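Residue strings, one per chain:
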Amino acid sequence: MLQRASRLRLRSAPLLAIALLANTPACMAEPTGMPATVVINHGSVKGTTAGGVTQFLGIPYAAPPVGARRWEPPQQPTTWTKVRTADHYAPNCPQKDSSGVFARPSMTEDCLYLNVFVPPRSSSPKPVMVWIHGGGLFSGESDDYDAHKLVKDGKLVVVTFNYRIGRLGYFPRKSKDGSAVIANYGLLDQLFALQWVRDNIGAFGGDPNRVTIAGESAGAESVYALMVSPAAKGLFHRAIAQSGGYTPHMPSIADTAGVGTKFSQEAGCPDQSMRCLRALSVSQILAAQDDMTVALVVDGITIPSSFDAAFADGAFYKVPVLSGINRDEARWFFALGGFPKGLPRTQVDYVANLDALYGAARPAVQAQYPLAKFGSPVAALSAAETDLRFACPQDAFDTRIARWTPLFSYEFDEVTAPSYLPPAGFELGAAHTFELQYLFPRFRGATGMPRILNHAQARLSDRMVGYWSRFASSGDPNLARKEQPEWPRYRQHQEKLILQLETTSVVEDSLSRHNCAFWDRIKLPAE
């Protein structure tokens, strides 16, 4: 586990005050109907309208982070005088071939663009959802998330955007004099995008005082980071974290000094000078990058402290929170080759995988997750890993934050969810990312094409969009009229909404549901 860092104290950050420049208010669009052309801070943009939704794609929110701007805080984009046609997505930020799970490979650093999806204009401003893509902080893109359903049915303005990822976005290093420098350039991009939303979203009919930050996987990690970052004050008013695999402990600059050193050496810059590093090609950077070491870092500026300290102490922005996991999170990772000893088909295979994962704790884990209870080695192993890596850390987060602010917790249990992955040799169930297509029905995944939800799945999609959009609007996912099951606040009994096809129910004592007391007392091998 990553080491615990110093405890959080929200404070001013002079470097951020310089990096995140103040902006002027945006010009408002005309009040009757959503115009195809909108005037914003840096110029005019022209979108396209179809099916009752107007979309503006590929709007620059920051200057290209190239040359001397590589590994620097984002800067304002250049203004334009002619109307800018915003009818196609901009390039992804640089990333390797991620096996098509989230995005396509890219070598383009000029990637700091966003997209705005707008419902028909009304007399009152609409709540805004800013979606932060997942992808492990080393892959991903904004254009997998077509927000038409959230916009049309949920009556939201939705913003998606690209941010720097991989070593170009997260580069822990120290300056020559030993002083710490910013490590989380991708997080700075997210802050900059939120500033853009604050200053420009009114032109699209959005309410800058009702902004929800939302994300899945690494996007949810980013949501947590924004909740504790001093520079995010006032930029959002609610938060949604989906399948974040909440990491309570985080590395500091000192903890990760070796990561930056190793990367620089393998890239051909052993002196770690910016002159050498900025002269590297994108392909050289990606070749030297170890995706598994890319992480958010407690740098003392963008992130002052680890998440466990922040949320335990209440040193975060106390906005309403909606958070949750999928029932079979781990099966997604196993489907991508995550079994340490290969696909387990027998008792012997199961024990071999348990030995590799848990070492001396294997007998206790095997007793807690017996094959007779789960029916197959994959189901048992997936349950153990999902509980350990997702469910119990998420409940620890929920329990901490619910002491301070309203929190609504869910579990996505839709085991017939369509898969976008190649055949895995076992049922994927409600795997990691599989809830995305119920909020973004055109989510493409590996196939490059959306799956079609059947009638029952479409009804669940409607329910989820209703809950999510009401939360974004008011901070409470429930209707005034009880047309859907009441989603209770998460309190001392760990109440959790269970999202299934035909029924949406509530369970209590989520900690027992996922064997969290067991995992708390188990000593695992150091990772």
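Residues numbered from 1 in each chain as written. Predicted model: local features only at pLDDT ≥ 70, side-chain atom pairs only at ≥ 80, totals over all residues. Heavy atoms only, no water.

This part takes up the environment of T108. Tracing the backbone through its elements, the reader meets T108 in the loop between strand 5 (84-85) and strand 6 (113-118). What makes T108 partly exposed here is its relative accessible area of 31%. Along the primary structure T108 and P91 are separated by 17 residues, whereas in three dimensions their C-alpha atoms are 6.7 Å apart. (Helix = DSSP H or I, 4+ residues; strand = E, 2+ residues; numbered from the N terminus. Buried < 20%, exposed > 50% of the residue type's maximum accessible area, 1.4 Å probe, protein only.)

The next point concerns the state of the cysteines. All told, the structure shown has 3 disulfides when counted by the stated rule. For C269, the disulfide goes to C276, at an S-S distance of 2.0 Å. In this structure, the disulfide formed by C269 and C276 twists by about -80° around the S-S bond and is classed as left-handed. A relative accessible area of 0% means that C269 is categorised as buried. Taking relative accessible area as the criterion, C276 reaches 24% and is therefore assigned partly exposed. Sulfur-sulfur distance for the disulfide between C392 and C516 comes to 2.2 Å. One quick way to see it: the torsion about the S-S bond of C392 and C516 is about -95°, and its sign makes the bridge left-handed. With C392 in helix 14 (residues 377-402) and C516 in helix 18 (residues 516-521), this residue pair connects regions lying 124 residues apart in the sequence. Take C392 and C516: they sit in the same class, and that class is buried. Along the protein chain, the cysteines that take part in disulfide bonds pair up as 1-2, 3-4, 5-6, counted in sequence order. (Disulfide = S-S within 2.5 Å.)

Attention now goes to the pattern of salt bridges. Overall, the coordinates contain 17 salt bridges when judged by the stated rule. Of the charged contacts, one joins E72 and R278 as a salt bridge, the two residues approaching to 2.8 Å between their closest N and O atoms. Taken together, the residues span a long stretch of sequence, with E72 in the loop between strand 4 (53-60) and strand 5 and R278 in helix 7 (residues 274-279) at a distance of 206 residues. Using a relative accessible area of 31% as the deciding quantity, one classes E72 as partly exposed. Judged by relative accessible area, which is 21%, R278 ranks as partly exposed. Residues D413 and R513 are paired through a salt bridge, measuring 3.0 Å at the closest nitrogen-oxygen approach. Taken together, the positions of D413 in the loop between strand 12 (407-412) and helix 15 (436-439) and R513 in helix 17 (residues 510-513) put the pair 100 residues apart, joining distant regions of the chain. (Salt bridge = Lys/Arg side-chain N within 4 Å of Asp/Glu carboxyl O.)

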